[in-house]
Amino acid sequence: AQRVTQPEKLLSVFKGAPVELKCNYSYSGSPELFWYVQYSRQRLQLLLRHISRESIKGFTADLNKGETSFHLKKPFAQEEDSAMYYCALAPQGNKLTFGGGTRVLVKP
Amino acid sequence: EAEVAQSPRYKITEKSQAVAFWCDPISGHATLYWYRQILGQGPELLVQFQDESVVDDSQLPKDRFSAERLKGVDSTLKIQPAELGDSAMYLCASSPSLPWTGSYEQYFGPGTRLTVT
């Protein structure tokens, strides 16, 4: 069975500092991995997916199959990045398995 | 911009009562999902529909939960009887889907927060 682990419940950083959210997964095949974000009073939405290899809002994430990780990074955090972030895995058929989430607080 | 709609947004019910949630996906989205999110945890899939058919309900507690999508458009999730442990956020999501490979972005509704007293 697949599993997604986000070890940090809360990350607090100062504006302009780098931020890295850790995500580890367990799955025997080749998964698709995603980061979803929920800003205050907004609905859960897709931030980025590994297959597109894009940088969204300054965030990037690299899939490391050897370490089974998909960490999310941003070199200079902004106050508007404060939100709840969820790593998710989809082995097949769109069935997403979410991690427990990491709350990011960017302080001025 | 089209969005997934859910109602009610909040529901308070007593244990042993029946409760129902409604979801209207984005027009044209064939796949619909119901998730349960317990406070402090990530969403957990309860049931997935492809058009009107259930394709995955392995995590749905079938003794008390039921879900339907009769015409392949909107959907209803029901709990009967509700228990204290059912207190959670219930999220609906939809996605376009094709019969071949690939996973697609899921679009989430605002959720229904259920409190069972």
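In the block above lies the structure referred to throughout.
Residues numbered from 1 in each chain as written. Chains lettered and ligands numbered in written order. Predicted model: local features only at pLDDT ≥ 70, side-chain atom pairs only at ≥ 80, totals over all residues. Heavy atoms only, no water.

Before we go on, may I ask you to explain the interface of chain A and chain B in this structure?
Across the boundary between the two partners, chain A contributes 17 residues, which contact 23 residues of chain B. Taken over both partners, the interface formed by chain A and chain B buries close to 1,600 Å², and the fraction arising from carbon and sulfur atoms is 43%. Summed over the shared surface of chain A and chain B, the result is 2 salt bridges. A salt bridge links A:Lys95 to B:Asp56, with the nearest nitrogen and oxygen atoms 3.1 Å apart. Linking chain A with chain B are 6 residue pairs in polar contact (both at pLDDT 80 or more). Contributions of two or more residues to the side of chain A that touches chain B are made by β5 (32–38), β6 (45–49) and β9 (83–90) of chain A. The element that contributes the greatest number of residues to the side of chain A that touches chain B is β5(A), accounting for 3 residues. Looking at the side of chain A that touches chain B, its residues break down into 8 nonpolar, 4 polar and 5 charged. (Contact = heavy atoms within 4.5 Å. Buried area = accessible area lost by both parts, 1.4 Å probe. Salt bridge = Lys/Arg side-chain N within 4 Å of Asp/Glu carboxyl O. Polar contact = N/O pair within 3.5 Å; in protein donor to acceptor, adjacent residues only side chain to side chain. Helix = DSSP H or I, 4+ residues; strand = E, 2+ residues; numbered from the N terminus. Nonpolar A, V, L, I, M, F, W, Y, C, P; charged D, E, K, R; others polar.)

Can you help me understand the nonpolar core in this one?
General note: in soluble globular proteins, nonpolar side chains tend to be found buried as a group. Residue and element names in this part refer to chain A. Ranked by internal contacts, the top residues of the largest apolar core, which has 24 residues, are Leu21, Trp35, Leu47, Leu48, Phe70, Leu72 and Tyr85. With 4 residues, β9 is the single largest residue contributor to this core. In this view, Phe70 contacts Cys23, Leu33, Phe34, Trp35, Leu48, Arg49, His50, Ala61, Asp62, Leu63 and Cys87; residues no more than four positions away in its chain are not counted. (Core = buried A, V, L, I, M, F, W, Y, C linked by side-chain atoms within 4.5 Å. Buried < 20%, exposed > 50% of the residue type's maximum accessible area, 1.4 Å probe, protein only.)

What should I look at first to understand the side chain of A:His71 in this one?
Residue and element names in this part refer to chain A. As for its placement among the helices and strands, His71 is situated in strand β8 (residues 69–74). Since its relative accessible area comes to 15%, His71 is described here as buried. Within the local environment of His71, its side chain forms a polar contact with the backbone nitrogen of Cys23, the two atoms lying 2.9 Å apart. Aside from chain neighbours lying at most four places away, what touches His71 is Glu20, Leu21, Lys22, Cys23, Asn24, Trp35, Thr60, Ala61 and Asp62.

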